[in-house]
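Results of the structural survey
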Amino acid sequence: MTTTIQLSTAVGYFRVSTAGQAGERHVSLEVQQEAFARYCQARDLQPVGSFVDIASGRKDNRPRYQAMLRHIIEHNVGHVVVLFLDRFGRNPREILRRYWELEERGISVQSINEDLKEELLLLVRAGIAGAESKRTGERVKAALYRASGKGTHVGRTPYGYIKVREGNNERWEQVPEEAAAIRLAYRLAVEENKGYKLITDELNRQGYRMKAERSGKPFAREKTKFILRNPALVGQMRYGKEGEVKEGVYPAILTPDEWQRLQERLHIRSEGKHRGRTDSSDYLLTGIARCGLCGGAVVGHKSGLRYYYVCAFHGRASVLCEGIGEHRKDGLETAVLRYLGQYEDPEKVRELLQAQDTQADSRQEEELARVTARLKELEDGMLNDLDRLD
């Protein structure tokens, strides 16, 4: 069976990213439709339909775009007309593939306001350049991974350090002021349980700044987060998430134990952070309570008519948390509120604080007595040993 292409028929394809869009080249839907009508009239083409998409040109699965492709093939339409080639799409590979596929079927793609052959040539060149750029980037990335694996520093100097050159040798030293800022941020995070925003505010309030040789600007939340998550604080160097870790590259500002406590605290805060509709949750303790056995977040859960709390880790796998799993919502919330209720009366709070101080003093006295007794034992033992030596 022979397919006959109707050379005088044409469809228009119009696209904008958002409704009512009019960009620098005035490509609103109204402009495209009017230009299509004038183009067909000037070239004796019979317009037999038009297809409109309000979507990004980077998406090849645009519904009307796909419908247009099916229509011109099924109805043997001779021409597809667009205002500019970028209305046809933004993906060079998709544009070239569709263009050549339609040309093989005898269907021409025409652009109203540009030289289509020149545009297609530019697309081919851009595709070749993009592929070469990608290969170059991969080679550079691989070289950086190899260099970091050998202990060679790549990338920017981490906050808290400076590179010192002595002849042909290089070594790293701490920048005292920057190290002090990191120690302050560590204390605020671990001891005072503050988040990135409050830590950033306090660093700026006390006059600390980012690296002077770069900008010397005040700290920003994301910069603070990046610094506190950087393993350079314990002397480690790693390029990328998958790069090999090299120990002892920098003079550590934090000890391994401090680094571990810091990351645990930051993880707990990020895990308990409210997202979306969590703020209006029916579960009072969501995002606040922690499991007493494993430290995991306690979250609300519903099963039928039952409402209860469950440890998130226990819910994933019982090996992560050996708790009983479920706690009745009403019972747990009532117990927590009853416990917190004792702090509503200022006089009661003062009594509790005094009682805690008394208990603390008593514990300190007991500890001092134990230490004193132990020292007396050691002293007596040492004197006995000296007598034996004599």
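One can find the structure itself at the top, above this paragraph.
Residues numbered from 1 in each chain as written. Predicted model: local features only at pLDDT ≥ 70, side-chain atom pairs only at ≥ 80, totals over all residues. Heavy atoms only, no water.

Secondary structure assignment for the protein yields 12 helices and 9 strands. The long-range fraction of contacts in the protein, counting pairs at least 24 apart against all pairs at least 6 apart in sequence, stands at 58%. Roughly 25,400 Å² of accessible area belongs to the protein as shown, and the carbon and sulfur atoms make up 51% of that amount. (Helix = DSSP H or I, 4+ residues; strand = E, 2+ residues; numbered from the N terminus. Contact = heavy atoms within 4.5 Å. Areas by Shrake-Rupley, 256 points an atom, 1.4 Å probe, with all protein chains shown as cover.)

Take the nonpolar core next. It is characteristic of soluble globular proteins that their nonpolar side chains tend to be buried jointly. Membership of the largest hydrophobic core comes to 30 residues, with the highest contact counts inside it found for I199, L203, F219, L228, Y250 and L262. Counting residues per element, this core draws most heavily on helix α6 (residues 176–190), which supplies 8 residues. Contacts of I199, omitting those with residues within four sequence positions, involve A185, L188, A189, K194, T224 and L228. Residues M68, I72, V80 and V82 belong to the second largest nonpolar core, which totals 15 residues. (Core = buried A, V, L, I, M, F, W, Y, C linked by side-chain atoms within 4.5 Å. Buried < 20%, exposed > 50% of the residue type's maximum accessible area, 1.4 Å probe, protein only.)

Of note, the phi angle at D44 is positive, near 55°, even though the residue is not glycine. Mapped onto the secondary structure, D44 falls in the loop between α1 (29–42) and β2 (46–54). One non-glycine residue, N76, lies in the positive phi region at around 55°. With respect to the helices, strands and loops of the structure, N76 is situated in the loop between α2 (63–74) and β3 (77–82).

Quick look at the packing of α6 against helix α7 (residues 196–205) now. Following both chains from N to C, one finds α6 and α7 inclined at 140°, their axes separated by 10 Å at the closest point. On the basis of their axis angle, the class for α6 and α7 is oblique. Considering the relative orientation of α6 and α7, their crossing is right-handed. Between α6 and α7, the contacting residues are A181, L184, A185, L188 and A189 on the first element and I199, E202 and L203 on the second. Across the contact of α6 with α7, the residue classes break down as 7 nonpolar, no polar and 1 charged. (Axes fitted to C-alpha atoms, helices over the stretch in contact; angles between N-to-C directions. Parallel < 35°, antiparallel > 145°, perpendicular 65-115°, else oblique. Left-handed = near helix turned anticlockwise from the far one by under 90°. Nonpolar A, V, L, I, M, F, W, Y, C, P; charged D, E, K, R; others polar.)

Moving on, we come to the packing of aromatic side chains. Under the defined criterion, the tally for this structure stands at 5 aromatic pairs. Among the aromatic side chains, those forming a connected cluster through ring pairs are Y161, W172 and Y250. Positioned above the aromatic ring of Y65, the side-chain terminus of R62 is 4.4 Å from the ring centre. (Phe/Tyr/Trp six-rings, centres within 6.5 Å; stacked < 30°, edge-to-face > 60°. Lys NZ or Arg CZ within 6 Å of the ring centre and 35° of its normal.)

Bridge analysis of strand β7 (residues 298–303) against strand β8 (residues 306–311) gives 6 bridges, and the strand direction is antiparallel. Of the residues in β8, the one forming a bridge with K302 is Y307. What sits between β7 and β8 in their antiparallel hairpin is a turn of 2 residues, with G304 showing a positive phi close to 65°. (Pairing = 2+ DSSP bridges.)

Side chains that differ in charge, positive against negative, can pair when their charged atoms come close. Taken as a whole, this structure holds 10 salt bridges when the rule is applied. Residue E202 is joined to R205 by a salt bridge in which the shortest nitrogen-to-oxygen separation is 2.7 Å. Residue E202 and its partner R205 are both found in helix α7; the two are separated by 3 residues, about one turn of the helix. The class for E202 is buried, based on a relative accessible area of 18%. By relative accessible area, which is 62% here, R205 ends up exposed. Sharing partners across several salt bridges, the network here consists of R187, E192 and K194. (Salt bridge = Lys/Arg side-chain N within 4 Å of Asp/Glu carboxyl O.)

This part covers a negative patch on the surface. Judged by side-chain charge, D357, D361, E365 and E366 come together as a negatively charged surface patch. Structurally, D357 can be placed in helix α12 (residues 346–389). Residue D357 is classed as partly exposed on the basis of its relative accessible area of 47%. (Patch = residues over 30% accessible without salt bridge, like charges linked within 9 Å, V, L, I, M, F, W, Y side chains within 5 Å. Lys, Arg positive; Asp, Glu negative; His and termini not counted. Charge placed at Lys NZ, Arg CZ, Asp CG, Glu CD.)

Looking now at the sheet that holds strand β9 (residues 326–328). The strands making up a sheet associate through hydrogen bonds between their backbones, and the pairing can be parallel or antiparallel. As summarised here, the arrangement of the 3 strands in space is β7-β8-β9, forming an open sheet in which the pairing is antiparallel. Because the sheet does not close on itself, it has two edges, and the strands there are β7 and β9. Mean inter-strand twist for the sheet, computed between neighbouring axes without regard to direction, equals 40°. Sheet strands in contact with helix α11 (residues 329–341) are β8 and β9, and its direction is about 70° off that of β9.

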